[in-house]
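Here are the chains, one letter per residue:
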Amino acid sequence: PVERGAIVSTPAVRDDSVYVITIRDEAFQGLGTLHKPSLDTGKPVWRFDDGGEMRHSISRPAFDERRVFVGEGMHANHFCHLFAVDQTTGERAWKLRAEGHLESSPVVSGGDVLFGAGDDGVYSLNAATGKENWHFKRSFHVDSRPEVSETSVFVGSGVSRAFRKPGMLCLDRKTGNLVWEVPDELPVWGSPRLDGGAVYFGVGNGRLNSSASGDESPRGAVVALDAATGKQLWRFDCPDAVMSRPVAFKNKLFFTCRDRHVYCLDAAGGSLIWKQSLGSPI
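The following refers to the structure shown. Each chain carries its own residue numbering, running from 1 in the written order of its sequence. Only residues with pLDDT of at least 70 are given local features in this predicted model, and only at 80 or more are side-chain atom pairs given and counted; all residues enter the totals for whole chains, interfaces and linings. With hydrogens and water excluded, all non-hydrogen atoms of the structure serve as input to the side-chain values.

### Considerations on the sheet that holds strand β11 (residues 122–126)
Working definition: the strands of a sheet are paired by backbone hydrogen bonds and lie parallel or antiparallel to each other. Overall, antiparallel pairing links the 4 strands, which are arranged β9-β10-β11-β12 in an open sheet. Edge positions in the open sheet fall to β9 (107–109) and β12 (132–136), since each of these has one partner strand only. Strand-to-strand, the axes of this sheet are offset by a mean angle of 15°, without reference to chain direction. The pairing criterion for strands is at least two bridges between them, as found by DSSP. The helix count covers DSSP runs of H or I at least four residues long, the strand count covers runs of E at least two residues long, and both are numbered beginning at the N terminus. Summarising the sheet, β11 and β12 pair through 4 bridges and their orientation is antiparallel. When the bridges of β12 are listed, Tyr123 appears paired with His135. The angle between two axes is taken between their N-to-C directions and runs from 0 to 180 degrees, where each axis is a line fitted to C-alpha atoms and a helix contributes only its stretch in contact.

### A look at the nonpolar core
Grouped burial of nonpolar side chains is what soluble globular proteins tend to show. Counting 15 residues, the largest nonpolar core has Tyr200, Trp234, Phe236, Leu253 and Phe255 as its most contacted members. Within the residue set of this core, elements represented by two or more residues are β18 (198–204), β19 (220–226), β20 (232–238), β22 (252–256) and β23 (261–266). No other element matches β20, which puts 3 residues into this core. Throughout, a residue-residue contact means that at least one pair of heavy atoms, one from each residue, lies within 4.5 Å. Not counting chain neighbours up to four residues away, the residues in contact with Tyr200 comprise Ser191, Pro192, Arg193, Asp195, Val223, Ala224, Trp234, Pro246, Leu253 and Ala267. As used here, the term nonpolar core means buried Ala, Val, Leu, Ile, Met, Phe, Trp, Tyr and Cys residues forming a set that is joined through side-chain atoms within 4.5 Å. Buried means the residue's accessible area, taken with a 1.4 Å probe over protein chains only, is under 20% of the maximum for its type, while exposed means over 50%, and partly exposed covers the values in between.

### Let's talk about unusual backbone geometry
A positive phi angle is found at Asp15, which is not glycine, with a value near 50°. Summarising the element assignment, Asp15 is placed in the loop between β1 (12–14) and β2 (17–26). In this structure, Phe79 is a non-glycine residue whose phi angle is positive, near 55°. Relative to the elements of secondary structure, Phe79 occurs in the loop between β6 (67–71) and β7 (81–86).

### With respect to the environment of Val20
With respect to the element layout, Val20 can be found in strand β2. For the pair Val20 and Ile7, spaced 13 residues apart in the sequence, the C-alpha separation amounts to 8.0 Å. Those residues in contact with Val20 that sit more than four places away from it in its chain are Ile7, Pro11, Thr33, Leu34, His35 and Pro61.

### Focus: the sheet that holds β23
An order of β21-β22-β23-β24 is seen for the 4 strands of this open sheet, with the pairing classed as antiparallel. With partners counted over all chains shown, the strands left at the sheet margins are β21 (247–249) and β24 (272–277), one partner each. Ignoring strand direction, the axes of neighbouring strands in this sheet form an average angle of 20°.

### Focus: the packing of aromatic side chains
Under the pairing criterion, centres of Phe, Tyr and Trp rings, with the six-membered ring standing for Trp, must be within 6.5 Å; the plane angle then separates stacked pairs below 30 degrees from edge-to-face pairs above 60, leaving the rest tilted. Taken as a whole and judged by the stated rule, the model has 12 aromatic pairs. Seen in terms of ring centroids, Tyr19 and Trp46 are 6.1 Å apart; in terms of plane orientation they differ by 45°. Their pairing is tilted. Within this pair, whereas Tyr19 is found in strand β2, its partner Trp46 is found in strand β4 (residues 44–48), the two being separated by 27 residues in sequence. Classification of Tyr19 as buried rests on a relative accessible area of 1%. Trp46 sits in the buried class, given a relative accessible area of 9%. On the basis of an interplanar angle of 70° and a centroid distance of 5.4 Å, the ring pair of Phe48 and Phe83 is categorised as edge-to-face. Taken together, the positions of Phe48 in strand β4 and Phe83 in strand β7 put the pair 35 residues apart, joining distant regions of the chain. By the burial criterion, Phe48 is buried, and Phe83 matches it.

And the structure:
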């Protein structure tokens, strides 16, 4: 059904269902609702808004066998929640309050759910209970979706009013301890992509809805690092920010940029194979 508002998060599909967040701005606050429509008919199955208290969201839902997980809040929000919602009933299973906002999309891996929480760092929780496994919090602002392997968690650090220490991080999967850190002069908003022994990050200045202006010229790049050590393998500079997550396929790396182009690079060396204009910022 048509409602006033917008959809800015990516839908998630499981079996016969779709999970998607809608947002609406009312008076002095932005509110959010998690919807479950039928994949076949589009008819509503249930909707969840935590009793009308859920904030607006850019977080993409994730799920395990029984629950769907989604974060709330955008850049101006603090003290936001990660929600675990029963897939069948739409009832809340549990929620955890973080000190930051959860623009990061959660990731479910090995019975855990992991997510970034802005100035509040990175969390790993037991997906069934919401109990904290570990919490990594230093002078980093994490809005990117974690990339998780059996041993490592990769995230990017952007900037905020409190923290201005952009860079690319690798954490220990079991403990949350910092394994390596690679600083960068540009904020790391793009979620990383792990492929083989390399991890790829999109970086760039400006905001999600506008390029850098004034004294700062728009800049961006894709950075390839050795996943084990953090050593830079190559860097491909762009004329504007890369805020999307790259895709690796058949020795090629694909990504989009706010300069209106989609790019294809050689994943091994970072050289340009082709780029194609799509007519608007991405």
